[in-house]
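Each chain, letter by letter, is given below.
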Amino acid sequence: MPAQKKTKTQTISEELVTSLSHSIIQGELKQGSKISETELAQQYGVSRGPLREAIVTLEGLGLVTRAANIGARIVKLNTKDMIHTFSVRESLEGMAARLAVDHISDQELRDLYNLLDTHEDYLTQNNGDRYIQQEGNYDFHNRIIKASRNPKLIALLIDELYSLVRMYRQQTANSRPDPLQALKEHRSILDAIANKETDLAELLMRRHISRSRNVLETALKNQSHQT
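No experiment lies behind these values; they were computed from the predicted model shown.

Draft legend 1. Main features of the overall build of the chain. When helices and strands are tallied, the chain shows nine helices and two strands. Counted from the first residue to the last, the chain has its helices and strands arranged as α-α-α-β-β-α-α-α-α-α-α. For the chain, the proportion of its 227 residues judged to be buried stands at 42%. A sequence separation of at least 24 residues applies to 76% of the contacts in the chain between residues at least 6 apart.

Okay, structure coming up:
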């Protein structure tokens, strides 16, 4: 059976998800703020139908919450939820690194080493100011996940979990210390994958995510004390 073509409404909804996700992650739409369908429909020049579809998708991504008699709101980040999110991320990305050992191509390895060189150049030029914030194929973790070749794992991490992970990253970007440490850890993970060291690749990835969780926890606590 041939694949069905997307309707215009579906396409508009997907575009709205992309735009609204960016606005939420960047903080343009404030955490905890109520979503006004009327205002957003006017702002984006769309009807309420595709907008509601987009909001449902954003809810599935963890960027929007909905409660009875309250309606939809932008998620409000908190330390407890971050710990839960990153605990799941640690397990799944450890598995992704393990699977990548057997499935990653030589070209993908070369591209990843080039990517890390680009990140290192950025840090050098900016005096280690902060580790570069990347998205999609420019993100080290994204590429390792895709190299696992496991569609279920890719969907769980990239399609469901990563919007929230990026939001936590953005929220604490300016309060995370030692940006060079992440780059060093990325190189160690990639070396383990390139050398076919399955157990080590998984262990290093899990340690890397665990360290990120601890750093984020400290940053979130410091922010709460300042407010």
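Draft legend 2. The arrangement of the side chain of His 208 in detail. For His 208, the position within the fold is in helix H9 (residues 198–226). A distance of 3.1 Å separates a polar atom in the side chain of His 208 from a polar atom in the side chain of His 141. If we ignore the near neighbours within four places in the chain, the residues touching His 208 are His 141, Ala 182, Glu 185, His 186 and Ile 189.

Draft legend 3. A look at the packing of helix H4 (residues 79–103) against helix H7 (residues 151–171). For the pair H4 and H7, the least separation of the axes is 10 Å and the interaxial angle reads 135°. Relative to H7, H4 is oriented oblique. Viewed along their axes, H4 and H7 form a crossing whose handedness is left-handed. Between H4, through Asp 81, Met 82, Thr 85, Phe 86, Val 88, Arg 89, Leu 92, Glu 93, Met 95, Ala 96 and Leu 99, and H7, the contact on the second element is made entirely by Leu 153, Leu 156, Leu 157, Leu 161, Tyr 162, Leu 164, Val 165, Tyr 168 and Arg 169. Taken together, the residues that form the contact of H4 with H7 break down as 15 nonpolar, one polar and four charged.

Draft legend 4. Quick look at helix H8 (residues 179–194). Helix length check: H8, at 16 residues, gives a terminal C-alpha distance of 24 Å against a target of 22 Å (1.5 Å per residue), a fit within 8%. Those residues of H8 that sit buried are Pro 179, Ala 182, Leu 183, Glu 185, His 186, Ile 189, Leu 190, Ala 192 and Ile 193. Immediately downstream of H8, the backbone of Lys 196 shows phi near 60°, a positive value.

Draft legend 5. How the structure looks around the nonpolar core. Core analysis: the largest hydrophobic core is formed by 58 residues, its most contacted members being Phe 140 and Ile 193. With ten residues, the top contributor of residues to this core is H7.

Draft legend 6. Broad picture of the packing of aromatic side chains. Evaluation of the coordinates by the stated rule reveals one aromatic pair. Consider the rings of Phe 86 and Tyr 168, whose centres lie 6.3 Å apart with planes at 80°: the pair is edge-to-face. Of this pair, Phe 86 sits in helix H4 while Tyr 168 is found in helix H7, placing the two residues 82 residues apart along the sequence. Phe 86 gets classed as buried once you look at its relative accessible area, which sits at 1%. Classification of Tyr 168 by relative accessible area gives buried; the value is 0%.

Draft legend 7. Looking closely at the pairing of strand S1 (residues 64–67). Pairing analysis gives four bridges linking S1 to strand S2 (residues 71–74), with the strands arranged antiparallel. Opposite Arg 66, over in S2, you have Ala 72 as the bridge partner. Connecting S1 to the antiparallel partner S2 that follows it, the hairpin turn spans three residues, and Asn 69 within it adopts a positive phi of roughly 65°.

Draft legend 8. Here's a closer look at the environment of Ile 74. Along the chain, Ile 74 falls in strand S2. Between the C-alpha atom of Ile 74 and that of Leu 63, which follows or precedes it by eleven residues, the distance is 6.1 Å. Dropping the residues within four chain positions of it, Ile 74 is found in contact with Ile 24, Leu 29, Lys 30, Gln 31, Gly 32, Ser 33, Ile 35, Leu 63, Val 64 and Met 167.

What counts, and where the lines are drawn
- Residue positions are counted from 1 within each chain, in the order its sequence is given.
- Under the rules for a predicted model, residues below a pLDDT of 70 receive no local features and side-chain atom pairs below 80 are neither given nor counted, while totals for whole chains, interfaces and linings still include all residues.
- As a rule here, side-chain values come from all non-hydrogen atoms in the structure, and water together with hydrogens is ignored.
- Only runs of H or I of at least four residues qualify as helices and only runs of E of at least two qualify as strands under DSSP, and these elements are numbered from the N terminus.
- Exposed residues in this analysis have more than 50% of their type's maximum accessible area, buried residues have under 20%, and partly exposed residues fall in between, with area computed by a 1.4 Å probe over protein chains only.
- Contact definition: two residues touch when any of their heavy atoms are within 4.5 Å.
- Whenever two N or O atoms come within 3.5 Å, that pair is a polar contact, provided that in protein one can donate a hydrogen and the other can accept it, and provided that, for residues adjacent in sequence, both atoms are side-chain atoms.
- What counts as an axis is a line fitted to C-alpha atoms, over the stretch in contact for a helix, and the angles between N-to-C directions run from 0 to 180 degrees.
- Orientation categories follow fixed angle ranges, with anything under 35 degrees roughly parallel, anything over 145 roughly antiparallel, 65 to 115 roughly perpendicular, and all other angles oblique.
- By definition, any crossing whose near helix is turned counterclockwise from its far helix by less than a right angle is left-handed, and any crossing with a clockwise turn is right-handed.
- Just so you know the grouping, Ala, Val, Leu, Ile, Met, Phe, Trp, Tyr, Cys and Pro go in nonpolar, Asp, Glu, Lys and Arg go in charged, and all remaining residues, Gly too, go in polar.
- In this analysis, the expected span of each helix is defined as 1.5 Å times one less than the number of residues it contains.
- Here, nonpolar core refers to any group of buried Ala, Val, Leu, Ile, Met, Phe, Trp, Tyr and Cys residues whose side-chain atoms link them within 4.5 Å.
- Any pair of Phe, Tyr and Trp rings, taking the six-membered ring for Trp, is counted once the centres come within 6.5 Å. Such a pair is stacked with planes under 30 degrees apart, edge-to-face with planes over 60 apart, and tilted for the rest.
- Strand pairing is assigned whenever DSSP detects at least two bridges linking the two strands.

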